[in-house]
Amino acid sequence: MNGSGSRKTSGTTKTIVTLSKTTSAPIKNSLAGKLLKAIRSVLPDAGRTYALHEPEFSGKEKEFLHRCVETTMVSSVGPHVERLERALEQYTRAKHAVAVANGTAALHIALKLAGVQPGDEVLVPTLTFAATANAVAYCGAVPHFVDSEESTLGVDAGRLMEHLQAQTENRNGRCINRKTQKVIRALLPVHTFGHPVNLDGMLKIAHDFNLVLVEDAAESLGSLYQGHHTGTFGLLGTLSFNGNKIITTGGGGAILTHQDELARKARHLTTTAKIPHPWEYRHDEIGYNYRMPNLNAALGCAQLEKIESFLERKRKLTGRYREALAGMDEVRLVEEPGGSRSNYWLQTLILAPAEEGCLPEILKQLHSAGILARPAWTPLHQSRPFASCPRMELAVAESLSRRILNLPSSPGLTGDTP
Ligand SMILES: *Cc1c(COP(=O)(O)O)cnc(C)c1O
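These numbers come from a predicted model, not from an experiment.

## Concerning the pairing of strand 5 (residues 174–177)
Here's step 1: The sheet contact formed by strand 4 (residues 168–171) and strand 5 spans four bridges and is antiparallel. When the sheet's bridge partners are listed, R171 is paired in strand 5 with R174.
Here's step 2: The turn linking strand 4 back onto strand 5 is made up of two residues, and N172 within it adopts a positive phi angle of 50 degrees.

Here it is as structure tokens:
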């Protein structure tokens, strides 16, 4: 069914209700139509396409990029990299920020510095972007998938605690998976769509089971948990500045840590582990070419200057969606968890369990109307590379993945001047 047809059906609800006695399809159409109408009231321009998340360059981006070209400092040397790192430290209150090529590289190095070794297991939510688990695999380790909770969309602390109590034992201060006999080395929660995970719960689990806590804060720049920036609670945290994230450097990421020695090692490993010297090439281990180029950092410096404006307008957009969806019992708009401030990177709708069958039709109708909403990721334990990984019971993540709908979330959608 195309977009204009669906809008017509939404206006003739009575006929549909009558039809629904014989088939369930018209009921689904009616929810899709109702949602389309509600979302259209927030995104009214029928002639345009609304992407999920678009970057906005309304600050000093051109000026800073121009300076890179003028000075020829476009690559791994240049003042913007350090400037971005100091600005990130100031903004997040992490003692150190190390800028890198992308968020996946940040995760890879953070896990290495957390001591993750080949053969280890790392606790990872199954409901996340593939990069979280890929980075574990890059270390030769295996993701051990954990379930999510409805409220934060992040790792369910209570149920993970029960799982670890039942399935692991402490051997010489190490957490051993009884079934696989492998060391579970680290816990890698994600602040899903920008909503802070239950960090108190994560810290307690890390403490009780001798796990290193690393936070995947790729989506949560600007999100606070009890007043402190996400990504600064674990031993290490990681950010992403990909094109669809809340600020972008084109491609880029950062490692956050309070520890001097870890920051030094992160810088060393991401610059091919070269021993600093004016002319000699000497490397003391196998390193990586993971540093962020100056060109990308220049974009990041300009973007970070605008973050308060992005946050403010995204919060306003949430309010508009909330108003438009008020009174619809079939869906819930995700709100920031208590005690947290979310950056509202993505505006997330969750269908009631009874309505999950409607998601494909809703996506179809929104897309034909130019509203490029997206579902959540396919849970990673259901994807081929990770199908045989260890896991706990994952019913909530599986259910959420069938019910989540992310709506266009760009800060520019409020129409306010940046
Ligand atoms: C974007 C993202 C990453 C990876 O970041 P890139 O910069 O794209 O490599 C990792 N984890 C999560 C949860 C993400 O959303």
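## Comments concerning helix 10 (residues 260–270)
Here's step 1: All of the buried residues in helix 10 are L262, A263, A266, H268, L269 and T270.
Here's step 2: Of the residues flanking the end of helix 10, it is T272, one or two places downstream, whose phi is positive at about 60 degrees.

## Thoughts on the site of the ligand
Here's step 1: In the region of the ligand, 16 residues are neighbours, and G103, T104, E219, S240 and K245 sit closest.
Here's step 2: Contacts to the ligand include K245, whose side-chain N or O atom sits 3.2 Å from an oxygen atom.
Here's step 3: At the level of elements, helix 6 (103–113) and helix 7 (130–138) are the ones that each hand at least two residues to the shell around the ligand.
Here's step 4: Among the elements that line the shell around the ligand, the one with the most residues is helix 6, at three residues.
Here's step 5: Across the shell around the ligand, the residue classes tally to five nonpolar, eight polar and three charged.

## Things to note about the pattern of salt bridges
Here's step 1: Enumeration according to the criterion identifies 26 salt bridges in this entry.
Here's step 2: When the shortest N-O distance is used, the salt bridge between R403 and E150 registers 2.2 Å. With a gap of 253 residues between them, R403 in the loop between helix 14 (395–401) and strand 16 (404–407) and E150 in the loop between strand 3 (142–146) and helix 8 (157–167) connect regions that are remote in the sequence.
Here's step 3: The closest approach of N and O atoms between K364 and E361, which form a salt bridge, is 3.9 Å. Here K364 pairs with E361, and both are found in helix 13 (residues 359–368), just three residues apart, close to one helical turn.
Here's step 4: Given the relative accessible area of 46%, K364 is considered partly exposed.
Here's step 5: Connected through shared salt-bridge partners, E85, R86, E89, R267 and R291 make up one network.

## Description of the confidence of the model for the protein chain
Here's step 1: Here the protein chain averages 93 in pLDDT, while 93% of its residues score no lower than 70.
Here's step 2: Note on residues 1–24: pLDDT is under 50 here. Beyond four places in sequence and across chains, it has 25 contacts.

## Observations regarding the environment of L346
Here's step 1: Here L346 shows up in the loop between strand 13 (340–341) and strand 14 (347–351).
Here's step 2: By relative accessible area, which is 3% here, L346 ends up buried.
Here's step 3: When the C-alpha atoms of L346 and H53 are compared, they prove to be 7.8 Å apart, with 293 residues separating the residues in sequence.

## A look at the nonpolar core
Here's step 1: If you look at the biggest cluster of nonpolar residues, it comprises 54 residues, and the most contacted ones within it are L111, V122, L160, I205 and L211.
Here's step 2: Among the elements that make up this core, the one with the highest residue count is helix 6 (seven residues).
Here's step 3: Here this core spans two domains, since at least three of its residues come from each of domain 1 (4–55 + 307–414) and domain 2 (61–304).
Here's step 4: The contacts of L111, once residues within four sequence positions are left out, are V116, V122, A135, V136, C139, L188 and V214.
Here's step 5: Counting residues in each nonpolar core, the second largest holds 37 residues, with L88, L153, L221 and L239 among its members.

## Details of a nonpolar patch on the surface
Here's step 1: Together, V69, V74 and L295 line one region of the surface with nonpolar side chains, adding up to about 220 Å² of accessible area.
Here's step 2: Examined against the element boundaries, V74 turns out to sit in the loop between helix 4 (61–71) and helix 5 (79–92).
Here's step 3: Given a relative accessible area of 34%, V74 falls into the partly exposed group.

## Observations regarding the domain arrangement of the protein chain
Interface size is commonly expressed as the accessible area that is lost once the parts come together.
Here's step 1: On domain assignment, one finds that the protein chain holds domain 1 (4–55 + 307–414) and domain 2 (61–304).
Here's step 2: For the pair domain 1 and domain 2, the two sides together bury roughly 3,900 Å², of which 65% comes from carbon and sulfur.
Here's step 3: At the boundary of domain 1 and domain 2, one finds three salt bridges.
Here's step 4: The partner of E393 in a salt bridge is R159, and the shortest N-O contact between them spans 3.6 Å.

## Considerations on the packing of aromatic side chains
Here's step 1: Counted according to the given criterion, the structure contains four aromatic pairs.
Here's step 2: With centroids separated by 6.0 Å and ring planes inclined at 85 degrees, the aromatic side chains of F145 and F386 adopt a geometry described as edge-to-face. Taken as a pair, F145 in strand 3 and F386 in the loop between strand 15 (374–375) and helix 14 lie far apart in primary sequence, 241 residues in all.
Here's step 3: Judged by its relative accessible area of 0%, F145 falls in the buried class.
Here's step 4: When its relative accessible area of 6% is taken as the criterion, F386 is described as buried.
Here's step 5: With a centroid separation of 5.0 Å and 25 degrees between ring planes, the pair formed by F193 and W377 is classed as stacked. With F193 in the loop between strand 6 (184–187) and helix 9 (199–208) and W377 in the loop between strand 15 and helix 14, the pair connects residues that are 184 residues apart, well separated along the chain.
Here's step 6: The exposure class of F193 is buried, given its relative accessible area of 1%.

Criteria and cut-off values
Residues numbered from 1 in each chain as written. Predicted model: local features only at pLDDT ≥ 70, side-chain atom pairs only at ≥ 80, totals over all residues. Heavy atoms only, no water. Pairing = 2+ DSSP bridges. Helix = DSSP H or I, 4+ residues; strand = E, 2+ residues; numbered from the N terminus. Buried < 20%, exposed > 50% of the residue type's maximum accessible area, 1.4 Å probe, protein only. Near = heavy atom within 4 Å. Polar contact = N/O pair within 3.5 Å; in protein donor to acceptor, adjacent residues only side chain to side chain. Nonpolar A, V, L, I, M, F, W, Y, C, P; charged D, E, K, R; others polar. Salt bridge = Lys/Arg side-chain N within 4 Å of Asp/Glu carboxyl O. pLDDT = per-residue confidence, 0-100. Contact = heavy atoms within 4.5 Å. Core = buried A, V, L, I, M, F, W, Y, C linked by side-chain atoms within 4.5 Å. Domains from an automatic or database assignment. Patch = residues over 30% accessible without salt bridge, like charges linked within 9 Å, V, L, I, M, F, W, Y side chains within 5 Å. Areas by Shrake-Rupley, 256 points an atom, 1.4 Å probe, with all protein chains shown as cover. Buried area = accessible area lost by both parts, 1.4 Å probe. Phe/Tyr/Trp six-rings, centres within 6.5 Å; stacked < 30°, edge-to-face > 60°.

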